[in-house]
Structures are given as structure tokens and as C-alpha cells.
Amino acid sequence: EGGAEAVEGTVDRPKTPPADEPEIEVLQQTLREVDVRNEKKNQRVVWGHSYSSFMTPEVLSNFADALRKGTKFAVDLARKYKEADKDYVYASKYHGKSEMDLAQILEEDRQSVTVRSPVGPAIRVVAPLTEEEALDAPDTEKDQVLHDQNITAPYLLYETYIIVTLATMRPIVKKPPPPKPVLESVAEVLPARPAVPAYKPETGGEEAYKAELRNIIMDMTEAYMRLEAENKVSESTDPLALKQAQKEMLIHLTSKSVGKWHDFKLKLKMAVVKVVNERFHKVSFGGVQIEPADEIAKLNTFLRDEMNEALARA
């Protein structure tokens, strides 16, 4: 499922800062700052090897859980002869230990982490060599003896720290997949249409129809009276003469030159349309469907009654 690789040694930097600007790193568990540029200049020990290990999903999960709980991973430093049966008198003095915090490897989509961790004595109390032990020492080292007659550990004296790089083939914590694209709303796909103005039914249609009937009757009466005065129809008692006068009046009203009859029809049509719009702006009311035939019959009855009433008053 994943592999882990730990490499001890110096770290290659892709970018080198200018010579007058230090590249500062802080040692783990301390506030001590170190200049990375000096790591290759000062005295150091370099292990030119790496260690690789295959980690099953279960082991990788346990490793991640341990990091989340704050578990530190210890590095034990020992100094001894290559000959396994030969004792080294300074073994306790140079026995060091460092605890590393590798939690940064759990950052999202991260595959490597380099840590700098200080080295301290693995044995808290180290006594100086006795005279007999000093005789067997290859080179007697001058130790800094403290007030309790113990010596200072060389790792603390020289502020030693180790550099360890941990790398994995794949990130332990993978980068979450990008969110699915949000589908556009209908309002974004289809442009918004202008709002339809609210319908306002016409009012006063019946009164306008009655007024138009009165105006038309008055216009026809005035036209007849003018025609009568011109032909002196009133002085004649002959019925045929009266009918002839009425016929001439109708011909006069319908003639193109006068155009009265056409004007009457247009005005009456506009008045009737107002009544229709007022009564037929919807085909249902209160959930009850209105029968168009019934409404048309009622409309015809209303129009005839109002016309007959207007003629009777005239």
C-alpha cells in the first residue's frame, strides 16, 4: 500500500539563498536556530546509506495513528569497535539518543519530510574513566568534569543534532478529489424574461357603452334635423315623402364623403370591446368554470336592452 524511506545525512536544497542571507531552520523540541549552509562546512558525520521498508495497509494505518497521538521515533547512536568482542571504554560517553517528530508527513498530499533533531546522552549520568580504564583507552580524552564529579556528554557540549529525511512513494494523506462541478441553475442557463405586467381588467365598460349609444343617437338626430331643414320635409304631410327623407338621410350618413355611419360603427365597436374585456378577462371564478356560451348570451341581452333603453329615452 505504501513504502517509507528514511535517509540519514545532509539534505540537498533545490534553491540556494544568496551568500549574505542565512537559511535558517529550527531544531525540533528546541528554539535553537541553525544555518543550513553551515551544515556542509562544519564537522559532521555522514551516513551514506538509506533504509527502505514495505508497509502493509495495516502497518501504515498504525504508523499514522501513532503520529497523530504524538509518538516520537527514537534514533540510538552508539560508538564501538568493528570487532564485536572488543570493548570500547568510551561507549557510555558516546551513547546518544534523539527523538524525532515525523507528524509533518501527515500533511495533505505530502510525500517527504526532513527533520532536525538534537542529540542528547542516552545515559543521564556518565562518570569519568577510572585509572585502570584510562590505561586501556587508546587515547585519553580530557573530559569536562561537573561539580557532581560526572562528565558533560559530548553531544550536549558540541550541540550535536541529526538530520533525517522520511519519504513515501505516495502521500499517506491523499489530497481530496476536486469537488464536482456545480450544475448551473435554470436561471443561469435560460435568460430571465421580463416580468409580465399584471392584468388589470377594464372598468367602466358598461357606462362607456351607454354614453356612446347616447352620443350616436344625438349625432343621428342632429344630422336628420339638418337634412330635414334643407329639404323642408316637415312641411309635407305625404307619408311617402317622409320615407323618402329617411332614405336620403341613411344614404347621406353612409356616403363616403360624410362617413358618419362608419364612425358610428367604430365608436360602438370600441365601446362593446370594453364591455367584453370587462366581463371575459377570466374563464373561471372561485374554482367554478364559466360557460362561454352562457356569458355570450348574457352579453347580447345586455347590449340589446341598453340600446333599446337609449332609443326609448331619445
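Structural notes, computed from the coordinates. Worth saying up front: this structure is predicted, and the values here are computed from it rather than measured.

1. Some remarks on the overall build of the protein
Reasoning step 1: Across its full length, the protein holds 8 helices and 11 strands.
Reasoning step 2: Per-residue burial over the protein gives 23% buried out of 314 residues.
Reasoning step 3: Within the structure as shown, the protein displays about 23500 Å² of accessible surface, and the carbon and sulfur contribution to it stands at 55%.

2. Section: the sheet that holds strand β8 (residues 120-121)
Reasoning step 1: Overall, antiparallel pairing links the 3 strands, which are arranged β5-β6-β8 in an open sheet. If you trace the sheet from one side to the other, it starts and ends with β5 (73-77) and β8, each paired once.
Reasoning step 2: Judged from the 2 bridges that link them, strand β6 (residues 96-100) and β8 form a sheet pairing that is antiparallel. Along β8, the bridge assignment pairs G96 with P121.

3. Focus on helix α8 (residues 292-313)
Reasoning step 1: Here α8 contains 22 residues, and its C-alpha end-to-end distance of 32 Å stays within 8% of the 32 Å for a straight helix at 1.5 Å per residue.
Reasoning step 2: Within α8, the full set of buried residues consists of E295, L299, F302, L303, E306 and A310. The buried residues of α8 occupy an angular sector of 95° when the element is viewed end-on, so they sit on one face. Summarising the geometry of α8, the exposed residues directed more than 90 degrees from the buried face are A293 and A312.

4. A word on the pattern of salt bridges
Reasoning step 1: Tallied over the full model, the rule gives 6 salt bridges.
Reasoning step 2: Measuring nitrogen to oxygen at the nearest pair gives 2.6 Å for the salt bridge that ties E39 to R116. Taken together, the residues E39 in the loop between β3 (33-35) and β4 (50-55) and R116 in strand β7 (residues 112-118) connect sequence positions 77 residues apart. Both residues of the pair, E39 and R116, belong to the buried class.
Reasoning step 3: The partner of K210 in a salt bridge is E306, with the nearest N and O atoms 3.8 Å apart. Linking K210 in helix α5 (residues 205-231) with E306 in helix α8, this pair joins segments that are 96 residues apart in sequence.
Reasoning step 4: Using a relative accessible area of 14% as the deciding quantity, one classes E306 as buried.

5. Some points on a nonpolar patch on the surface
Reasoning step 1: Among the surface-exposed residues, V186, V189 and L190 lie close enough to one another that they form a single nonpolar patch of about 300 Å² accessible area.
Reasoning step 2: Within the secondary structure, V189 is located in helix α4 (residues 186-189).

6. Regarding unusual backbone geometry
Reasoning step 1: A positive phi is found at Q29, a non-glycine position, where the angle reads about 65°.
Reasoning step 2: Within the secondary structure layout, Q29 lies in the loop between β2 (24-26) and β3.
Reasoning step 3: Located in the positive-phi region is D109, a residue other than glycine, with phi close to 60°.
Reasoning step 4: Here D109 is to be found in the loop between β6 and β7.
Reasoning step 5: By relative accessible area, which is 43% here, D109 ends up partly exposed.

Rules behind the numbers
Residues numbered from 1 in each chain as written. Predicted model: local features only at pLDDT ≥ 70, side-chain atom pairs only at ≥ 80, totals over all residues. Heavy atoms only, no water. Helix = DSSP H or I, 4+ residues; strand = E, 2+ residues; numbered from the N terminus. Buried < 20%, exposed > 50% of the residue type's maximum accessible area, 1.4 Å probe, protein only. Areas by Shrake-Rupley, 256 points an atom, 1.4 Å probe, with all protein chains shown as cover. Pairing = 2+ DSSP bridges. Expected span 1.5 Å × (residues − 1). Arc of directions from axis to C-beta. Salt bridge = Lys/Arg side-chain N within 4 Å of Asp/Glu carboxyl O. Patch = residues over 30% accessible without salt bridge, like charges linked within 9 Å, V, L, I, M, F, W, Y side chains within 5 Å.

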